[in-house]
Amino acid sequence: MVENQIRTYDVTDQTLLASFSSVPREAFVAGTEKATAYLDRLQRARDGKTQLIPPLVVARMIQALELNAGEHVLDVGSCGYGAAVLAGCGVSVVSLENDAAAARAALAEAGIAGVPVVEGAASTPAIAGGPFDAIVVHGAAEVEPKSLLAQLKDGGRLAIVMGTGRSGRVMIFRRLGAVTSQARALDAMAPAMAEFARPETFTF
(Lines give C-alpha, C1' and ligand atoms only; values in the text may rest on other atoms or scores of the structure.)
Protein backbone atom coordinates (compact mmCIF):
# COMPACT_ATOMS: atom_id res chain seq x y z
CA MET A 1 0.00 0.00 0.00
CA VAL A 2 2.72 2.45 0.99
CA GLU A 3 4.99 1.74 -1.98
CA ASN A 4 2.34 1.40 -4.69
CA GLN A 5 -0.30 3.88 -3.55
CA ILE A 6 0.85 6.44 -1.00
CA ARG A 7 4.46 7.06 -2.02
CA THR A 8 3.47 7.41 -5.69
CA TYR A 9 0.78 9.96 -4.76
CA ASP A 10 3.33 12.68 -3.95
CA VAL A 11 3.65 11.78 -0.28
CA THR A 12 7.28 12.44 0.64
CA ASP A 13 7.15 12.84 4.44
CA GLN A 14 9.29 9.91 5.63
CA THR A 15 7.88 9.91 9.16
CA LEU A 16 4.35 9.75 7.76
CA LEU A 17 5.25 6.95 5.35
CA ALA A 18 6.81 4.94 8.17
CA SER A 19 3.72 5.40 10.31
CA PHE A 20 1.43 4.12 7.55
CA SER A 21 3.72 1.10 7.18
CA SER A 22 3.50 0.30 10.89
CA VAL A 23 -0.28 0.61 11.39
CA PRO A 24 -2.24 -2.60 10.63
CA ARG A 25 -5.21 -1.22 8.68
CA GLU A 26 -7.04 -4.56 8.94
CA ALA A 27 -7.67 -3.84 12.63
CA PHE A 28 -9.88 -0.88 11.71
CA VAL A 29 -12.04 -2.31 8.91
CA ALA A 30 -15.13 -4.50 9.22
CA GLY A 31 -14.57 -8.24 9.42
CA THR A 32 -15.78 -8.78 5.87
CA GLU A 33 -13.28 -6.18 4.60
CA LYS A 34 -10.10 -7.52 6.22
CA ALA A 35 -8.92 -9.37 3.11
CA THR A 36 -9.12 -6.14 1.10
CA ALA A 37 -8.07 -3.70 3.84
CA TYR A 38 -5.23 -2.21 1.80
CA LEU A 39 -7.06 -1.54 -1.46
CA ASP A 40 -7.42 1.98 -2.80
CA ARG A 41 -11.15 2.45 -2.20
CA LEU A 42 -13.75 3.34 0.41
CA GLN A 43 -14.10 0.61 3.03
CA ARG A 44 -16.52 -0.11 5.83
CA ALA A 45 -14.99 0.44 9.26
CA ARG A 46 -15.06 -1.84 12.25
CA ASP A 47 -18.18 -0.13 13.63
CA GLY A 48 -20.15 -1.24 10.55
CA LYS A 49 -21.29 2.33 9.80
CA THR A 50 -18.30 4.56 9.18
CA GLN A 51 -16.73 4.55 5.71
CA LEU A 52 -12.95 4.84 5.67
CA ILE A 53 -11.55 7.01 2.91
CA PRO A 54 -8.59 5.63 0.89
CA PRO A 55 -5.23 5.74 2.71
CA LEU A 56 -3.59 7.80 -0.04
CA VAL A 57 -6.11 10.61 0.53
CA VAL A 58 -5.57 10.45 4.30
CA ALA A 59 -1.81 10.65 3.72
CA ARG A 60 -2.07 13.73 1.51
CA MET A 61 -4.41 15.42 4.01
CA ILE A 62 -2.04 14.84 6.90
CA GLN A 63 1.01 15.89 4.89
CA ALA A 64 -0.73 19.12 3.84
CA LEU A 65 -1.18 20.10 7.49
CA GLU A 66 2.63 20.27 7.92
CA LEU A 67 2.49 18.92 11.47
CA ASN A 68 5.26 19.52 13.98
CA ALA A 69 6.34 17.03 16.63
CA GLY A 70 4.52 17.59 19.90
CA GLU A 71 1.47 19.29 18.40
CA HIS A 72 -1.99 18.39 19.66
CA VAL A 73 -4.23 16.95 16.92
CA LEU A 74 -7.89 15.93 16.68
CA ASP A 75 -8.82 13.08 14.33
CA VAL A 76 -12.51 12.96 13.39
CA GLY A 77 -14.50 9.99 12.09
CA SER A 78 -11.93 7.34 11.12
CA CYS A 79 -12.82 4.69 13.71
CA GLY A 80 -9.35 5.32 15.12
CA TYR A 81 -7.32 4.66 11.95
CA GLY A 82 -6.27 8.23 11.31
CA ALA A 83 -5.49 8.66 15.00
CA ALA A 84 -3.22 5.60 14.89
CA VAL A 85 -1.30 7.01 11.91
CA LEU A 86 -1.02 10.43 13.55
CA ALA A 87 0.27 8.90 16.79
CA GLY A 88 3.17 7.45 14.81
CA CYS A 89 4.07 10.94 13.57
CA GLY A 90 5.12 12.23 16.97
CA VAL A 91 2.01 14.25 17.81
CA SER A 92 -0.50 13.81 20.61
CA VAL A 93 -3.89 12.73 19.30
CA VAL A 94 -7.53 12.70 20.38
CA SER A 95 -9.96 10.60 18.33
CA LEU A 96 -13.56 11.84 18.01
CA GLU A 97 -15.93 9.03 17.01
CA ASN A 98 -19.65 8.30 16.89
CA ASP A 99 -18.84 4.80 18.23
CA ALA A 100 -16.04 5.17 20.75
CA ALA A 101 -16.12 1.50 21.79
CA ALA A 102 -15.39 0.30 18.24
CA ALA A 103 -12.52 2.78 17.86
CA ARG A 104 -11.00 1.77 21.21
CA ALA A 105 -11.22 -1.91 20.23
CA ALA A 106 -9.54 -1.21 16.88
CA LEU A 107 -6.73 0.79 18.47
CA ALA A 108 -6.17 -1.96 21.04
CA GLU A 109 -6.02 -4.66 18.35
CA ALA A 110 -3.53 -2.52 16.42
CA GLY A 111 -1.36 -2.15 19.53
CA ILE A 112 -1.81 1.63 19.69
CA ALA A 113 -1.82 2.96 23.25
CA GLY A 114 -2.22 6.44 24.67
CA VAL A 115 -4.85 7.73 22.23
CA PRO A 116 -7.95 9.08 24.05
CA VAL A 117 -11.22 8.38 22.24
CA VAL A 118 -14.10 10.81 22.75
CA GLU A 119 -17.61 9.81 21.73
CA GLY A 120 -19.60 12.47 19.92
CA ALA A 121 -20.59 14.01 16.61
CA ALA A 122 -18.33 16.21 14.52
CA SER A 123 -20.62 19.13 15.38
CA THR A 124 -19.95 18.79 19.12
CA PRO A 125 -19.41 22.37 20.34
CA ALA A 126 -16.72 21.70 22.97
CA ILE A 127 -14.57 18.61 22.46
CA ALA A 128 -12.71 17.22 25.46
CA GLY A 129 -8.98 17.72 25.08
CA GLY A 130 -9.22 20.84 22.94
CA PRO A 131 -8.25 23.28 21.62
CA PHE A 132 -6.07 21.71 18.94
CA ASP A 133 -3.13 22.66 16.73
CA ALA A 134 -4.61 20.67 13.85
CA ILE A 135 -7.75 18.70 12.95
CA VAL A 136 -8.14 15.94 10.35
CA VAL A 137 -11.73 15.25 9.26
CA HIS A 138 -12.47 11.97 7.44
CA GLY A 139 -15.55 13.09 5.56
CA ALA A 140 -17.04 15.65 3.20
CA ALA A 141 -18.81 18.88 4.12
CA GLU A 142 -21.09 21.08 2.06
CA VAL A 143 -20.82 24.02 4.45
CA GLU A 144 -17.90 25.41 6.44
CA PRO A 145 -17.35 23.23 9.56
CA LYS A 146 -17.61 26.14 11.99
CA SER A 147 -17.99 23.96 15.10
CA LEU A 148 -14.63 22.31 14.38
CA LEU A 149 -12.89 25.51 13.34
CA ALA A 150 -13.84 26.88 16.75
CA GLN A 151 -11.78 24.05 18.33
CA LEU A 152 -8.54 25.27 16.69
CA LYS A 153 -5.82 27.20 18.48
CA ASP A 154 -4.67 30.46 16.94
CA GLY A 155 -2.59 29.38 13.95
CA GLY A 156 -4.25 25.98 13.89
CA ARG A 157 -5.06 24.10 10.68
CA LEU A 158 -7.95 21.86 9.64
CA ALA A 159 -8.11 19.43 6.69
CA ILE A 160 -11.47 18.38 5.28
CA VAL A 161 -13.06 17.52 1.94
CA MET A 162 -15.39 20.30 0.87
CA GLY A 163 -18.08 19.33 -1.61
CA THR A 164 -19.56 15.94 -2.36
CA GLY A 165 -19.06 13.51 -5.22
CA ARG A 166 -16.62 14.41 -7.97
CA SER A 167 -16.68 18.06 -6.97
CA GLY A 168 -14.92 17.32 -3.67
CA ARG A 169 -11.67 19.06 -2.78
CA VAL A 170 -9.46 18.74 0.26
CA MET A 171 -9.29 22.21 1.77
CA ILE A 172 -6.85 23.36 4.43
CA PHE A 173 -8.39 25.93 6.76
CA ARG A 174 -6.10 28.06 8.92
CA ARG A 175 -7.27 30.09 11.89
CA LEU A 176 -5.51 33.39 12.54
CA GLY A 177 -7.20 35.20 15.39
CA ALA A 178 -10.82 35.78 14.41
CA VAL A 179 -10.06 35.22 10.71
CA THR A 180 -10.10 31.87 8.89
CA SER A 181 -8.40 31.38 5.54
CA GLN A 182 -8.57 28.36 3.26
CA ALA A 183 -6.52 26.85 0.46
CA ARG A 184 -7.08 23.88 -1.85
CA ALA A 185 -4.73 20.93 -1.37
CA LEU A 186 -6.07 18.34 -3.83
CA ASP A 187 -9.20 16.90 -5.43
CA ALA A 188 -10.74 14.01 -3.49
CA MET A 189 -14.02 12.30 -2.67
CA ALA A 190 -15.22 11.36 0.81
CA PRO A 191 -18.49 10.24 2.44
CA ALA A 192 -20.86 13.13 3.13
CA MET A 193 -21.19 14.19 6.76
CA ALA A 194 -24.75 14.91 7.89
CA GLU A 195 -23.49 17.44 10.44
CA PHE A 196 -22.14 19.66 7.67
CA ALA A 197 -24.81 19.22 5.01
CA ARG A 198 -26.23 22.29 3.33
CA PRO A 199 -29.60 23.19 4.89
CA GLU A 200 -32.59 22.66 2.65
CA THR A 201 -34.16 25.88 1.46
CA PHE A 202 -37.74 26.44 0.38
CA THR A 203 -38.23 27.63 -3.18
CA PHE A 204 -41.38 28.47 -5.06
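All figures in this text were calculated on a predicted structure; none of them were measured in a lab.

Draft legend 1. Molecular detail of the overall build of the protein. Counting its secondary structure elements, the protein contains six helices and nine strands. Counting all 204 residues of the protein, 51% fall into the buried class. Once local pairs closer than 6 in sequence are excluded, the contacts in the protein between residues at least 24 apart make up 47%. Put simply, the protein shows about 9300 Å² of open surface, and 52% of that area lies on carbon and sulfur atoms. Side-chain charges in the protein split into 18 positive and 21 negative, and the spacing between the mean points of these groups amounts to 2 Å.

Draft legend 2. Geometry of the sheet that holds strand β8 (residues 169–176). Spatial strand order, β5-β4-β3-β6-β7-β8-β9: seven strands in an open sheet with mixed pairing. In this open sheet, the two strands that pair with only one neighbour each are β5 (117–119) and β9 (179–187). When strand polarity is set aside, the average angle formed by the axes of neighbouring strands in this sheet is 20°. One ladder, built from eight bridges, connects β8 with β9; its direction is antiparallel. Across the sheet, Leu176 pairs through a bridge with Val179, a residue of β9. The strands that helix α3 (residues 55–64) touches are β6 (132–141), β7 (152–162), β8 and β9; relative to β6, the one it contacts most, it runs at about 145°.

Draft legend 3. Broad picture of α3. Counted residue by residue, α3 has eight buried out of 10 residues, so it is predominantly covered. Those residues of α3 that fall on the buried side of the exposure criterion are Pro55, Leu56, Val57, Val58, Ala59, Arg60, Met61 and Ile62. Of the residues one or two after α3, Glu66 is the one with positive phi, at around 50°.

The rules behind the values
- Residues numbered from 1 in each chain as written.
- Predicted model: local features only at pLDDT ≥ 70, side-chain atom pairs only at ≥ 80, totals over all residues.
- Heavy atoms only, no water.
- Helix = DSSP H or I, 4+ residues; strand = E, 2+ residues; numbered from the N terminus.
- Buried < 20%, exposed > 50% of the residue type's maximum accessible area, 1.4 Å probe, protein only.
- Contact = heavy atoms within 4.5 Å.
- Areas by Shrake-Rupley, 256 points an atom, 1.4 Å probe, with all protein chains shown as cover.
- Lys, Arg positive; Asp, Glu negative; His and termini not counted.
- Charge placed at Lys NZ, Arg CZ, Asp CG, Glu CD.
- Pairing = 2+ DSSP bridges.
- Axes fitted to C-alpha atoms, helices over the stretch in contact; angles between N-to-C directions.

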